[in-house]
Amino acid sequence: MDTNNPFVALRRELHKIPELGFREFKTQQFLLDYLYSLPQDSMEIKTWKTGILVKISGRNPSKMIGYRADIDGLPIIEETGLPFKSVHSEQMHACGHDFHMSIALGLIAKFIEERINDDLLFIFQPAEEGPGGAEPMLKSEIMKEWKPDMILALHIAPEYPVGTIALREGLLFANTSELFIDLKGKGGHAAYPHNTNDMVVVACTLVSQLQSIISRNIDPLDSAVVTIGKITGGTVQNIIAEKARLEGTIRTLSPESMKKVKSRIQALVKGIEVGYECEASIDYGSMYHQVYNETALTKEFMEFARSNTDINVVECREAMTGEDFGYMLEEIPGFMFWLGVDSEYGLHHARLNPNEAAIEKAIELIAAYLRYKG
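Not measured: the values here are computed from a predicted model.

K.L.:
Looking at this structure, I do not really get the pattern of salt bridges. What am I missing?
P.N.:
Any two side chains of opposite charge can pair, on the condition that their charged atoms come close. Summed over all chains, the structure comprises 20 salt bridges. When the shortest N-O distance is used, the salt bridge between Lys144 and Glu141 registers 3.5 Å. Here Lys144 and its partner Glu141 are both found in helix H5 (residues 141–145), three residues apart, which amounts to about one turn of the helix. Glu318 is the partner of Arg168 in a salt bridge, and the nearest nitrogen-oxygen pair spans 3.9 Å. Of this pair, Arg168 sits in the loop between strand S6 (164–167) and strand S7 (170–173) while Glu318 sits in the loop between strand S16 (312–315) and helix H9 (325–331), and the two are 150 residues apart along the sequence. Each of Arg11, Arg12, Asp98 and Glu356 takes part in one network of salt bridges that share partners.

K.L.:
So what exactly am I meant to see when it comes to the UniProt feature "active site" (unreviewed entry) in the protein here?
P.N.:
Sequence positions flagged by UniProt for "active site" (unreviewed entry) are, in local numbering, Asp70 and Glu129. The greatest C-alpha distance among the residues just named is 8.9 Å, despite their covering 60 residues of sequence, which places them together in space. Along the chain, Asp70 falls in strand S3 (residues 64–70). Asp70 sits in the buried class, given a relative accessible area of 0%. Apart from residues lying up to four places away in sequence, Asp70 is in contact with His97, His100, Met101, Gln125, Glu128 and Glu323. A polar contact of 3.5 Å, which involves the side chain of Asp70, links it to the side chain of Arg68. Note that Glu129 resides in the loop between strand S4 (119–125) and helix H4 (134–138).

K.L.:
Looking at this structure, I do not really get the nonpolar core. What am I missing?
P.N.:
Note on soluble globular proteins: their nonpolar side chains tend to be buried together. Within the largest apolar cluster, 66 residues are counted, with the highest numbers of intra-cluster contacts made by Tyr67, Ile103, Ile108, Phe124, Ile165 and Phe337. In this view, Ile103 contacts Tyr67, Leu154, Leu339, Ile359, Ala362, Ile363 and Ile366; residues no more than four positions away in its chain are not counted. Counting residues in each nonpolar core, the second largest holds 29 residues, with Leu121, Leu138, Ala157 and Phe325 among its members.

K.L.:
Just to check I follow, could you spell out the domain arrangement of the protein for this structure?
P.N.:
Accessible area lost during the coming together of the parts is what is often quoted as the interface size. What the domain assignment lists for the protein is domain 1 (6–172 + 290–373) and domain 2 (175–287). Between domain 1 and domain 2, the residue contacts involve 11 residues of the former and 12 residues of the latter. Carbon and sulfur atoms make up 55% of the surface buried where domain 1 meets domain 2, a total of about 780 Å² over both sides. The largest per-residue losses of area from domain 1 upon contact with domain 2 belong to Leu171, Gln290 and Met320, which jointly make up 63% of the total buried on that side.

K.L.:
Looking at this structure, how should I read the pairing of strand S1 (residues 43–48)?
P.N.:
The side chains of a regular strand alternate, first on one face of the sheet and then on the other. Pairing analysis gives six bridges linking S1 to strand S2 (residues 51–56), with the strands arranged antiparallel. Across the sheet, residue Thr47 finds its bridge partner in S2, namely Ile52. Counting the residues that bridge the hairpin from S1 to S2 gives two residues, and of these Lys49 lies at a positive phi of roughly 50 degrees.

K.L.:
Could you clarify how one ought to interpret the environment of Val274 in this entry?
P.N.:
With respect to the element layout, Val274 can be found in helix H7 (residues 255–276). For the pair Val274 and Pro333, spaced 59 residues apart in the sequence, the C-alpha separation amounts to 47 Å.

K.L.:
Looking at this structure, I do not really get the packing of helix H1 (residues 6–15) against helix H2 (residues 25–36). What am I missing?
P.N.:
Each pair of packed helices gets described by two things: the angle between the helix axes and the distance between those axes. Contact geometry of H1 with H2 gives a least axis separation of 11 Å together with a crossing angle of 155 degrees. Between H1 and H2, the angle is such that the two are roughly antiparallel. Our pair here, H1 against H2, has a crossing hand that is right-handed. Across from Phe7, Leu10, Glu13 and Leu14 in H1, the residues of H2 making contact are Thr27, Phe30, Leu31 and Tyr34.

K.L.:
Sorry, what's going on with the packing of helix H6 (residues 199–217) against H7 here?
P.N.:
Viewed as axis vectors pointing N to C, H6 and H7 meet at an angle of 145 degrees, and their least axial separation amounts to 10 Å. The way H6 lies across H7 gives a crossing that is right-handed. Residue-level inspection shows Val201, Val202, Thr205, Leu206, Gln209, Leu210, Ile213, Ile214 and Asn217 of H6 in contact with H7, the latter providing Lys260, Val261, Arg264, Ile265, Leu268, Val269, Ile272 and Tyr276. Residues of the contact of H6 with H7, tallied by class, amount to 12 nonpolar, three polar and two charged.

K.L.:
Even after reading the chapter, I still don't get the state of the cysteines, so can you show me in this structure?
P.N.:
The bond known as a disulfide is covalent and runs between the sulfur atoms of two cysteines. In this structure the tally under the stated criterion is zero disulfides. Unpaired in this structure, Cys278 has its nearest cysteine sulfur neighbour in Cys204, at a distance of 13 Å. When its relative accessible area of 9% is taken as the criterion, Cys278 is described as buried. In this structure Cys316 is not part of a disulfide, and its nearest cysteine sulfur, from Cys95, lies 16 Å away. Judged by relative accessible area, Cys316 falls into the buried class, the value being 9%.

K.L.:
Mind showing me how you'd approach the UniProt feature "domain: Peptidase M20 dimerisation" (unreviewed entry) in the protein here?
P.N.:
UniProt feature "domain: Peptidase M20 dimerisation" (unreviewed entry): in the numbering of this structure it lies at residues 181–272. Counting secondary structure, residues 181–272 comes out at 40% helix and 30% strand; the distance between its end C-alpha atoms is 12 Å.

K.L.:
Would you mind going over unusual backbone geometry with me for this structure?
P.N.:
Both trends apply: most residues other than glycine have a negative phi, and most peptide bonds are in trans. The omega torsion of the bond from Gly130 to Pro131 falls at 5 degrees, within 30 degrees of zero and hence cis. One can find Pro131 in the loop between S4 and H4.

K.L.:
Honestly, the environment of Asn353 in this entry has me stumped. Any pointers?
P.N.:
With respect to the element layout, Asn353 can be found in the loop between strand S17 (334–340) and helix H10 (357–373). Sequence-wise, Asn353 and His93 are 260 residues apart; in three dimensions their C-alpha atoms are separated by 9.8 Å. If sequence neighbours within four positions are ignored, Asn353 has contacts with Leu82 and Ser343.

Reading guide: rules and limits
Residues numbered from 1 in each chain as written. Predicted model: local features only at pLDDT ≥ 70, side-chain atom pairs only at ≥ 80, totals over all residues. Heavy atoms only, no water. Salt bridge = Lys/Arg side-chain N within 4 Å of Asp/Glu carboxyl O. Helix = DSSP H or I, 4+ residues; strand = E, 2+ residues; numbered from the N terminus. UniProt positions renumbered as here; feature names shortened; annotations may be inferred. Buried < 20%, exposed > 50% of the residue type's maximum accessible area, 1.4 Å probe, protein only. Contact = heavy atoms within 4.5 Å. Polar contact = N/O pair within 3.5 Å; in protein donor to acceptor, adjacent residues only side chain to side chain. Core = buried A, V, L, I, M, F, W, Y, C linked by side-chain atoms within 4.5 Å. Domains from an automatic or database assignment. Buried area = accessible area lost by both parts, 1.4 Å probe. Pairing = 2+ DSSP bridges. Axes fitted to C-alpha atoms, helices over the stretch in contact; angles between N-to-C directions. Parallel < 35°, antiparallel > 145°, perpendicular 65-115°, else oblique. Left-handed = near helix turned anticlockwise from the far one by under 90°. Nonpolar A, V, L, I, M, F, W, Y, C, P; charged D, E, K, R; others polar. Disulfide = S-S within 2.5 Å.

Written out as structure tokens, the structure reads:
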């Protein structure tokens, strides 16, 4: 990899400073410092919370084309051993947002010098990993003023080689929701279980019941996932637990299935309360709308990439991945695609190490498409 590439260098600096949603203060300042180092004649910069919007005025605009990059990191301890690994304890760019930002900066630098006819809007969005920045950003006064006529975004894909992109018309990413269930009963001494309501037993029972939702309540020709990834309960080995907590995720390929899954969760939890004489509460946390690629624009982009670039275009299947870019696509025609980065380790892994050659490939591809569209 050519480490003299300025956008690889920027990616490495951004990789050092991952920050959680709506706390991306250093990231925002780093981006602003770079943006203000560029010629300002055709560029307007506005901030929204920890996000940034950059408008580049076209020579003779008839529309505005948007490009979105997310900017937050994850609460993960990095294990890559890279010389530019995270300097923030227990935080890492393990989902490729450092790539997303550096690609957006490369496009801005290019189109400051090479203006096209139409206006361009580059959106640096906070809190994609949670609690969700796309929906409130979309509703902001700035985006009401600067609302694109179309929008696109990418997401790195460790499983594809550099030089490959993958996408499809229609549904690309699932509807997702976090799931938190708190259980409260009566604790006590382990020698006297008959005087208690054991929340560890209740939690285990509920986990087993939740698994029946997909197998018995969702159409077998549809797809959905209910995963409990974390269980906490109790204090020491000889005290029956008064409280327990389940933390998980729901993912569905349709909004209707999401409603069905949540309805069944509520019914099962209510049954648990009655059957085990305890209290329970449900919190769905962050909920993301499906990423649904607009047919005409997606087809056009795929045909353009095949005919005008050396990029290999793969028509992929939908994924259970969650992405709050779906909120933007719900209101603005556009699409998202996977960018191959050829990493042995997958998204959200502590050893994710994407191939930096993909940065220049993405800049070249998107720049060519923006010239074609604008």
